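This is what each chain is made of:
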Amino acid sequence: MTIVQDNARFDFIVVGKGTAGNVFAGRLAENPNARILVVEAGVENAKDLEAIRVPSNAMDLRDSEYDWSFKATMVKRDDYERIEKPNTGGKVLGGNLSLNSFTWAPGSKVTFDMWEDVIYHDDTNAYSPELKKICQKGPIPIAHSKLIPEMQPFRGLLTKAWNSAGHPVTENIFDGTMPSLTHSVNTIYKGRRSGSFLYVADKPNVTILPQVHPRNLIIDVADKTCRDVTVILSSGQELNLFAAREVIVSEGVFETPRLLMLRGIGPSAELKKHGIPVINDSPHVGQHLLDYPCVYFVLRLKNGFGMDDYVLQKGTPYKNQAIKTYQNNYSGSLGSGFLEMVGFLRIDKYLEKDPLFRQAKACKDNKDLFCPYGQPHFKLDFVCLFGRAFQWYYPTPSKGNYITVMVDLQRCPAAS
Ligand SMILES: Cc1cc2nc3c(=O)[nH]c(=O)nc-3n(C[C@H](O)[C@H](O)[C@H](O)COP(=O)(O)OP(=O)(O)OC[C@H]3O[C@@H](n4cnc5c(N)ncnc54)[C@H](O)[C@@H]3O)c2cc1C
């Protein structure tokens, strides 16, 4: 158990230990003289939790003790009403990456090129041939998903169907040309989930203070610098912690702007509305949040094409064998995220049928409004079992085989 005293001093304090926080802390810790404190609301021992490390457990993490269990806003209009939707967020060392769906994909090269004018972007490094080595020696090892023999019938039919629709199939998404069905690269390595918690494992100069919430950022109004953080422990005790160099806030997409705005960093009009004294009028904090629209389809398959009886259904001979195999050397179906193939798809021919789309396109130099330079319109995840993390209305069936197809819009209309 980590013990940090009141008034303890560090060089850096990282608030929130998700993907961003761990990478910051891990990089800062490369300097052996730097002392880094990380504070996190969730538990610390993600690396040792089978619930997190066994890839096939991913479907069970929604609404578990490691989930913030956010709810999306209820939509209630005259013409449409939707009940609240669970919105998973990792509350554990590693944040969302400890709970997420494993897919690792680089961005489209053309999108980076579009940003070239506004941010630094070095094409050669973004798409270096080095990417093809897929970081197996990096701090968070990733790999092409292991193609498990039990999934061959499913893989075979999927590939045939994709080909028959005239779309390409490739192993290579490393050159930035995305549209294709590809053998996915996952944050799974040798049968274990790779999380950003690995980045800070065994780093003697990183101190992790789990299960605490930051209560306040103490900001020197004169030089607008934050060097102190007050945190509140689960016992209710408060600790003041000091950073000689910097405080880095990385609490994720909802909590980071909330903490900053409560402390007076944000759009001044918004802060004044709530009586918060403005320390830094920063117009973009807490703004520009975009929905990432996804639609999930869960469909029945012929028996023999799904993995439900290996993973979700209790006491089947397949499941018993799968457990034994995994216990032996983390291999077999339980070491899989079941996301072997990911499709990146353009749907130009359907869009072109819509007169509104054609009209809007004509006003935009005849360029596709959503993905003007050939980026995929959609990402399709093909998971060959009943996706109970995505299908919360129905209990998991006790028999039968299923497929879950997750369709994600890749570039939101508002961004386009
Ligand atoms: C279900 C799901 C599936 C996903 N699948 C994929 C995928 O397949 N591929 C992909 O690339 N991306 C995926 N993502 C997105 C990706 O995981 C996130 O974009 C990424 O992890 C965000 O990193 P972050 O550091 O910004 O935030 P987070 O990972 O959310 O980290 C924030 C951290 O701050 C902590 N924190 C928050 N509030 C407080 C507080 N008040 N006090 C202390 N600590 C706090 C949290 O507990 C958390 O550890 C998925 C996300 C989800 C939720």
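Residues numbered from 1 in each chain as written. Predicted model: local features only at pLDDT ≥ 70, side-chain atom pairs only at ≥ 80, totals over all residues. Heavy atoms only, no water.

By the naming in an unreviewed UniProt entry, the protein is CAZyme family AA3, taken from Penicillium atrosanguineum. Looking at the protein in UniProt, the text filed under Sequence similarities (unreviewed entry) is "Belongs to the GMC oxidoreductase family." As recorded by UniProt, the Cofactor (unreviewed entry) comment attached to the protein reads in full: "FAD". (UniProt positions renumbered as here; feature names shortened; annotations may be inferred.)

On to the UniProt feature "binding site: FAD" (unreviewed entry) in the protein. UniProt's feature table lists "binding site: FAD" (unreviewed entry) at Val92, given in the numbering used throughout. Position of Val92 relative to the elements: it lies in the loop between β6 (86–87) and β7 (103–104). With relative accessibility at 0%, the residue Val92 sits in the buried group. What Val92 contacts, discounting residues up to four positions off in sequence, is Lys17, Glu40, Gly42, Val43, Ala46, Leu49, Ile52, Tyr66, Ser98 and Leu99. (Helix = DSSP H or I, 4+ residues; strand = E, 2+ residues; numbered from the N terminus. Buried < 20%, exposed > 50% of the residue type's maximum accessible area, 1.4 Å probe, protein only. Contact = heavy atoms within 4.5 Å.)

A separate point is the packing of aromatic side chains. For the coordinates displayed, the defined rule picks out seven aromatic pairs. Plain terms: the ring middles of Phe70 and Phe254 are 5.1 Å apart, the flat faces sit at 70 degrees to each other, and that makes the pair edge-to-face. Placement of the pair is Phe70 in strand β3 (residues 70–71) and Phe254 in helix α6 (residues 252–262), with a sequence separation of 184 residues. Since its relative accessible area comes to 22%, Phe70 is described here as partly exposed. On the accessibility criterion, Phe254 (35% relative accessible area) is partly exposed. Site record: aromatic cluster; members linked through ring pairs are Trp68, Phe70 and Phe254. Its guanidinium or amino end placed over the ring of Phe242, Arg9 lies 4.7 Å from that ring's centre, counting from NZ or CZ. Its guanidinium or amino end placed over the ring of Trp68, Lys91 lies 4.7 Å from that ring's centre, counting from NZ or CZ. (Phe/Tyr/Trp six-rings, centres within 6.5 Å; stacked < 30°, edge-to-face > 60°. Lys NZ or Arg CZ within 6 Å of the ring centre and 35° of its normal.)

Every buried residue of helix α1 (residues 19–28) is listed here: Gly21, Asn22, Ala25 and Gly26. End-on view of α1: buried residues confined to an arc of 125 degrees, all on one side of the axis. Elements in contact with the buried residues of α1: β1 (9–15), β2 (36–39) and β14 (206–209). (Arc of directions from axis to C-beta.)

Each domain of the protein was delimited in the assignment, giving domain 1 (1–102 + 189–250) and domain 2 (117–144 + 146–183 + 292–409). Using C-alpha coordinates to define each centre, domain 1 is positioned 28 Å away from domain 2. Counting from both sides, the interface comprises 21 residues of domain 1 and, opposite them, 24 residues of domain 2. For the pair domain 1 and domain 2, the two sides together bury roughly 1900 Å², of which 66% comes from carbon and sulfur. Considering only the surface of domain 1 that becomes buried against domain 2, Ser56, Met59 and Tyr189 emerge as the three largest contributors, covering 34% of it. Counting the contacts that link domain 1 with domain 2 gives one salt bridge. The closest approach of N and O atoms between Arg388 and Asp60, which form a salt bridge, is 2.5 Å. Applying the counting criterion to the domain 1 and domain 2 interface returns six residue pairs in polar contact (both at pLDDT 80 or more). A class-by-class count of the residues in the side of domain 1 that touches domain 2 yields nine nonpolar, six polar and six charged. (Domains from an automatic or database assignment. Buried area = accessible area lost by both parts, 1.4 Å probe. Salt bridge = Lys/Arg side-chain N within 4 Å of Asp/Glu carboxyl O. Polar contact = N/O pair within 3.5 Å; in protein donor to acceptor, adjacent residues only side chain to side chain. Nonpolar A, V, L, I, M, F, W, Y, C, P; charged D, E, K, R; others polar.)

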